[in-house]
Amino acid sequence: MKEKIQEKFKTLFGEEGILYASAGRINLIGEHTDYNGGYVFPGAIDKGIVAALSVNGTQKVKLFSLDYDEYVEFGLNEEDKPAQQWACYVFGVCRETIKRGGKVEGFNAVFAGDVPLGAGLSSSAALESTFAFALNDIFGNNIDKFELAKIGQSTEHNYCGVKCGIMDQFASVFGKKDQLIRLNCKTLEYKYFPFDAKGYKLVLIDSCVKHELASSAYNKRRASCENAAAAIRRNHPEVEFLSDAKRVWLDEVRADIPEEDFLRAEYVIGEVQRVLDVCDALERGDFKTVGEMMYQTHFGMSRLYEVSCEELDFLNKLARKCDVTGSRVMGGGFGGCTINLVKDEIYDSFIDTAVKEFTAKFGHAPKVYPVVISDGARRL
Ligand code: ADP
Ligand code: MG
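Let me sum up the structure you'll find in this document. (Residues numbered from 1 in each chain as written. Chains lettered and ligands numbered in written order. Predicted model: local features only at pLDDT ≥ 70, side-chain atom pairs only at ≥ 80, totals over all residues. Heavy atoms only, no water.)

**A closer look at the overall build of the protein chain**
Helix and strand counts for the protein chain stand at eleven helices and 13 strands. For 380 residues, the compact-globule estimate of 2.2 N^0.38 gives 21 Å, and the protein chain sits close to it at 22 Å. Projected onto its principal axes, the C-alpha coordinates of the protein chain cover approximately 65 × 50 × 40 Å. Considering the protein chain as a whole, with its 380 residues, one finds that 57% of them fall into the buried category. In the protein chain, 70% of the contacts between residues at least 6 apart in sequence involve partners at least 24 apart. Side chains of the protein chain give 47 positive and 56 negative charges; the mean places of these two sets differ by 1 Å. (Helix = DSSP H or I, 4+ residues; strand = E, 2+ residues; numbered from the N terminus. Rg over C-alpha atoms; globule rule 2.2 N^0.38 Å. Buried < 20%, exposed > 50% of the residue type's maximum accessible area, 1.4 Å probe, protein only. Contact = heavy atoms within 4.5 Å. Lys, Arg positive; Asp, Glu negative; His and termini not counted. Charge placed at Lys NZ, Arg CZ, Asp CG, Glu CD.)

**Some points on the pairing of strand β8 (residues 190–194)**
Two elements, strand β7 (residues 179–184) and β8, share five bridges in a ladder whose sense is antiparallel. Looking at β8, one finds that R182 is bridged to K191. Connecting β7 to the antiparallel partner β8 that follows it, the hairpin turn spans five residues, and L188 within it adopts a positive phi of roughly 65°. (Pairing = 2+ DSSP bridges.)

**With respect to the site of ligand 1**
Around ligand 1, the surrounding shell holds 17 residues, and the nearest of these are D67, L117, G118, S123 and S124. At a separation of 2.8 Å, an oxygen atom of ligand 1 approaches a polar backbone atom of G118. In the environment of ligand 1, an oxygen atom lies 3.0 Å from a nitrogen or oxygen atom belonging to the side chain of S124. Within the complex, the protein chains bury 83% of what would otherwise be the 570 Å² of accessible surface of ligand 1. Tallied by class, the residues present in the shell around ligand 1 amount to eight nonpolar, eight polar and one charged. (Near = heavy atom within 4 Å. Polar contact = N/O pair within 3.5 Å; in protein donor to acceptor, adjacent residues only side chain to side chain. Areas by Shrake-Rupley, 256 points an atom, 1.4 Å probe, with all protein chains shown as cover. Nonpolar A, V, L, I, M, F, W, Y, C, P; charged D, E, K, R; others polar.)

**Let's talk about the sheet that holds strand β12 (residues 367–371)**
One open sheet holds the four strands; their spatial order is β10-β11-β9-β12, and the pairing between them is antiparallel. Looking along the sheet, the strands with just one partner apiece sit at the ends: β10 (326–329) and β12. Neighbour to neighbour, the strand axes of the sheet diverge by 20° on average, direction disregarded. Along the sheet, helix α10 (residues 310–321) contacts β9 (200–210), β10 and β11 (335–343); its crossing angle with β11, the most-contacted strand, is approximately 5°. (Axes fitted to C-alpha atoms, helices over the stretch in contact; angles between N-to-C directions.)

**Topic: unusual backbone geometry**
Although it is not a glycine, C208 sits at a positive phi angle of roughly 60°. Residue placement: C208 occurs in strand β9. One non-glycine residue, F334, lies in the positive phi region at around 60°. Along the chain, F334 falls in the loop between β10 and β11.

**Structural notes on the state of the cysteines**
In the structure shown here, the tally under the stated rule is zero disulfides. Here C164 stays free of any disulfide, with the sulfur of C160 as its closest cysteine sulfur at 8.9 Å. In this structure C164 comes out as buried when scored by relative accessible area, which is 18%. Sulfur of C337: no disulfide; nearest cysteine sulfur belongs to C208 and is 7.7 Å away. When its relative accessible area of 2% is taken as the criterion, C337 is described as buried. (Disulfide = S-S within 2.5 Å.)

**Notes on the environment of L121**
Tracing the chain through its elements places L121 in the loop between β6 (107–113) and α3 (123–138). In this structure the C-alpha to C-alpha distance between L121 and F174, which are 53 residues apart in sequence, comes to 15 Å. Those residues within four positions of L121 in sequence are excluded, and the remaining contacts are G24, R25, I26, I45, V115, P116, L204, M330 and Y369.

Rendered as structure tokens:
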């Protein structure tokens with residue numbers, strides 16, 4: 001990929017650019033915890049974006065996407081927003097950097113990526129964090145890493161119409177090889193944990209379905225969580241978010257809230273604890289417990305939070321049947337991928353079985369993405 005990018009860069013701009021890269025991400029555990037003030041546990045992966053850049057001495061950005069095979073030029077003022085959606089990510093990063101007092105002037109860039117688009121691995125965060133990091137470096141802005149992640153998040157909010165949280169951009173900027181990062185979504189404190197998965201592989205199996213329910217169901221889940229938190233708060237005023245509540249505090253209010261809200265809250269409180277348990281287990285190198293927690297998360301998302309679907313439950317059951325160490329739906333639910341922790345020796349037979357049986361049942365093949373926990377934003 002690097003060679004192709006430099007080759008194109010030379011053809012277009014007559015020189016070589018400086019190479020930067022960033023990554024997509026997975027989240028090992030901690031789902032629907034972010035808006036409840038709990039933990040998420042992401043890591044950057046070995047699939048990302050690579051870009052070559054050079055300052056061009058003008059006030060114009062000259063940008064080529066190898067994957068779209070398309071050239072775009074734009075200025076750096078608010079009214080210069082390009083028509084192409086893919087270019088808006090780069091434009092947004094320029095604007096958000098400028099809004100924070102950073103210097104951005106004209107530059108040339110060629111970029112390409114290998115994160116599957118829209119599969120739940122956050123190709124958009126990879127793109128944003130590559131450029132946020134690169135602009136900070138070539139223009140010498142000294143913006144700190146957390147703010148670089150926020151530049152990506154604000155880009156999604158203000159230029160791409162996606163009201164996302166901070167996890168994707170955070171993981172993409174902060175990711176390190178063989179390490180996962182536990183992020184406290186309330187305080188934004190974070191801590192690295194070793195993910196030294198010798199003898200195991202992580203693999204995503206993409207059901208390639210997206211069920212309609214997702215956004216209205218998401219709002220309903222949030223409302224249930226807020227309702228449960230409000231009930232608990234009456235007894236325990238220190239509960240700001242649902243994740244602050246102890247399990248027994250939820251039991252105290254069971255009769256006061258709809259059973260559905262109780263089940264949603266039971267999942268969230270359990271999930272926050274599971275992130276902590278997985279971190280402890282990783283420090284002991286205890287992958288069996290990590291995997292068991294992943295199965296528990298799947299059960300909770302399927303039966304308590306009710307954000308799974310037939311395809312994902314099928315993949316999860318199949319993983320159990322094949323003796324996969326851990327498996328769960330990753331992301332918001334209602335489609336997308338399962339993330340699987342698989343012992344090397346059964347990897348090939350599991351993938352084979354999963355693809356065959358899923359295809360036989362649903363009439364289309366799932367996609368398979370093996371991932372390795374890798375470095376996030378960096379200069380190459
Ligand atoms: P994801 O879940 O993968 O982040 P999004 O819809 O948020 O999905 O972002 C995908 C968008 O990001 C693409 O439609 C495109 O505009 C941009 N993008 C991602 N990767 C690339 C790439 N390699 N080249 C150009 N644009 C990209
Ligand atoms: Mg995205």
